[in-house]
Amino acid sequence: MSSIHYPESTDLRGLLKFAPEEGLIWLGEHRMLLLHAGALSELRKELIASVGQEQARRILTRMGFASGMRDAELSRRTRGSADPAEAFVMGPQLHMLEGCARVEPVRLEIDQPGCTFYGEFIWHHSWEAEAHVQAFGEVENPVCWMMIGYASGYTSAFMGRFILFREVECAATGVEHCRIVGKPVEEWPDADQLRPYFEADSIVGRLLELREEIEAMRRTIACPRKTPDLIGNSAGFLHAYDLVARAAVTNVSVLLLGETGVGKERFARTLHELSPRKDAAFVAVNCAALPDELIESELFGVERGAFTGAHASRAGKFERADGGTLFLDEVGELPLSAQAKLLRVLQEGEIERLGDERTRKVNVRLVAATNVDLLRAVNAGTFRRDLFYRLNVYPVTIPPLRERVGDIPTLVEAMMRRFETLHGKRLSGISDKAMHALKNHSWPGNVRELENVIERGVILAPLNGLVEVEHLFIGAAPESGLQQQLNASGSLDTMQQTNSIDLPDAVLDSGIELDAFEQALLNRAVERAGGNLSAAARLLGMTRPQLNYRLKKRLC
Ligand SMILES: [Zn+2]
């Protein structure tokens, strides 16, 4: 294990994509920032001045830890099938790509994830040591806290156990370079003194927690009965919620308007929960789901013998909702005869079962919903004008999801928790790129569509892993705008615009034969990898022997 070589970094560079026209930089699915080391140094200095060295060290260590954990995710994805040492050194390689230091491996003993680990590395020109010396001069103790956090976070996530790195030498103390050693936390005799730097439980953390608790309490006081079913904080959403909450205490009929999938039934349920009727029934009927000949008996009930097949008397939805709330979804689909009866119920407050002479008093609050333009239906003669005016007393429009993009992160978080529980699966979250794609989608199917997409993502994402773009959108959303990537000499190259969905079409349209296409693809990969066959094989998602075999086949 004396000499450790880094594999070609083509796969790493392929992860880094610049989209300057969009103002985005990606490392895999993580959003990155290119910021000035000098500015970060200032922040570091002010942090030390304002919360003291101990707290600053803790915050920076944890910040680095979080960043290392994200890079471990990339390693798992990109070099998951390589041998453990080759997969592991992706961490040091990424740390170098990110500009923190030149990382020289000294010793690396690594088995399969979960087993033993020992790692020793040298950091040349650590940015953090330089920043510290510039601000405070040479010091007695190591100071590369963020970078130590990174090494520990990366390795812990990689190994699936807490691996703690510490600096045994640091350039900030006047020596030539920093030297770090990492091993399982329990193998450090002074683990108890080191561990707190990695833990969230600190004065600052506790203060932040307290502040969050107070905020949460404030929100509860401001909105005391907000049901957990409805989630949102955007102005459009809160306005609709406010209208519903105000209607709840009265008996007014409410008409919920909005596109398909915006959550009209949830709003109707919320209205019921907020109303004095909350202990009585909430009955929902989808008018579009019932055939015309059944809808009247469903709504108003039927007496035995009313028509062939009516063997027993049965109460309709109105009677079942007595004292409570009846929700009529897609009310625009009601046939005209049922509309006439509905109007009478609303006017008289009584129903007549089919085939019955008697009238029965019912006390029902009606909430209707539609995604069609009822006024247009009135003008077309398919919806009664008098019923329209009766229903339209208190209209509430629920905004489409694309008009409340700010609510998407909270919605996604709640949906993920729900589907993780439902499918008995734990995930570490959602990638920046996937969240970016969710916010930029137009959501014609609204919250319901988002729900379906998130459920699919939760099912497809790897256990304990991140939900990524490809788990959400089949065929993955194509990249838009100018994309640039680092070439081997470290300059930016504009990438060819390849749309992953149209690629097969493009190949078919070109008339190129499969064999010729394969050859061109292999050649291009070898070219891009600068002749390094292992790297070319990685680009193609195959092993080196597989690539060799294919290349040899060509030569015969
Ligand atoms: Zn150092």
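Along each chain, the written sequence defines residue order, and numbers are assigned to residues from 1. Restriction of local features to residues with pLDDT of at least 70 applies here, the model being predicted, together with a cutoff of 80 or more for giving and counting side-chain atom pairs; totals for whole chains, interfaces and linings are based on all residues. No hydrogens and no water enter the side-chain calculation; it runs on all heavy atoms of the structure.

A.B. asks: Would you mind going over unusual backbone geometry with me for this structure?
C.D. replies: Note on backbone geometry: most residues besides glycine have negative phi, and most peptide bonds are trans. Of note in this structure, His125 is not a glycine but carries a positive phi near 40°. Strands are runs of DSSP state E lasting at least two residues, helices are runs of H or I lasting at least four, and both sets are numbered from the N terminus onward. Inspection of the secondary structure assignment puts His125 in the loop between β5 (117-124) and α6 (127-136). His125 sits in the exposed class, given a relative accessible area of 54%. A positive phi angle, close to 50°, is found at Trp443, a residue other than glycine. Buried residues are those whose accessible area, probed at 1.4 Å on protein chains only, stays under 20% of the maximum for their type, while exposed residues exceed 50% and partly exposed ones sit between those limits.

A.B. asks: Before we go on, may I ask you to explain the packing of helix α3 (residues 53-79) against helix α5 (residues 90-97) in this structure?
C.D. replies: When two helices pack together, you describe them by how their axes are tilted relative to each other and by the distance separating the axes. Axes, fitted as lines to C-alpha atoms, cover a helix only where it is in contact. Angles between the N-to-C directions of the axes lie from 0 to 180 degrees. At a minimum axis separation of 10 Å, α3 and α5 run at an interaxial angle of 120°. By the angle between their directions, the pair α3 and α5 is classed as oblique. Pair α3 / α5 crosses with right-handed handedness. Listed contacts from α5 to Asp71, Leu74, Ser75, Thr78 and Arg79 of α3 are Met90, Gln93 and Leu94. Working rule for angles: under 35 degrees goes down as roughly parallel, over 145 as roughly antiparallel, 65 to 115 as roughly perpendicular, anything else as oblique. With the far helix as reference, a near helix turned anticlockwise by less than a right angle produces a left-handed crossing, and one turned clockwise produces a right-handed crossing. Note on contacts: a residue pair qualifies if any of its non-hydrogen atoms lie within 4.5 Å across the two residues.

A.B. asks: Honestly, the sheet that holds strand β6 (residues 163-169) in this entry has me stumped. Any pointers?
C.D. replies: Strand pairs in the sheet, formed through backbone hydrogen bonds, run parallel or antiparallel to each other. Read from one edge to the other, the open sheet built from four strands follows the order β4-β5-β7-β6, with strand pairing classed as antiparallel. For this open sheet the edge positions go to β4 (102-110) and β6, each flanked by a neighbour on one side alone. Recorded for the sheet is a direction-independent mean angle of 20° between the axes of neighbouring strands. Relative to strand β7 (residues 178-184), β5 is paired through five bridges, and the arrangement is antiparallel. For Gly119, the partnering residue across the bridge sits in β7 and is Gly182. Strand pairing is assigned whenever DSSP detects at least two bridges linking the two strands.

A.B. asks: How should the pairing of β7 be read in this particular structure?
C.D. replies: Among the seven residues that make up β7, six are buried, leaving the element largely enclosed by the rest of the structure. Of the strand pairs in this sheet, β6 and β7 are connected by six bridges, and their pairing is antiparallel. By the bridge assignment for β7, Leu164 is matched with Lys183.

A.B. asks: Just checking my understanding: could you explain the coordination of the zinc ion for this structure?
C.D. replies: Expected angles at a metal are 109.5 degrees for tetrahedral coordination by four donors and either 90 or 180 degrees for octahedral coordination by six donors. Taken together, Cys144 (SG), Glu167 (OE), Cys170 (SG) and Cys178 (SG) make up the protein donors of the zinc ion, found 2.0 to 2.3 Å from the metal. Taken together, the four donor atoms coordinating the zinc ion span angles of 100 to 116° at the metal, a pattern that classifies the geometry as tetrahedral. The donor set covers N, O and S atoms within 2.8 Å of the metal, switching to 3.2 Å for Na, K and Ca, and it leaves out water, so a site may look short of donors. Sequence positions of the donors to the zinc ion reduce to the motif C-x22-E-x2-C-x7-C. In this structure, Cys170 and Cys178 share a single accessibility class: buried. The geometry test gives tetrahedral to four donors whose angles all lie between 85 and 135 degrees, gives square planar to four donors and octahedral to six donors whose opposite members are over 155 degrees apart with all other angles between 65 and 115, and gives irregular to the rest.

A.B. asks: Would you mind going over the sheet that holds strand β10 (residues 325-329) with me for this structure?
C.D. replies: Pairing is parallel across the open sheet formed by five strands, whose spatial order is β9-β10-β13-β8-β14. Whereas interior strands pair on both sides, the edge strands pair on one side only; in this sheet they are β9 (282-286) and β14 (394-397). The mean inter-strand angle of the sheet, taken between neighbouring strand axes irrespective of direction, is 20°. The pairing of β10 with strand β13 (residues 365-370) spans four bridges and is parallel. From the neighbouring strand, Leu328 faces β13, where its bridge partner is Ala368.

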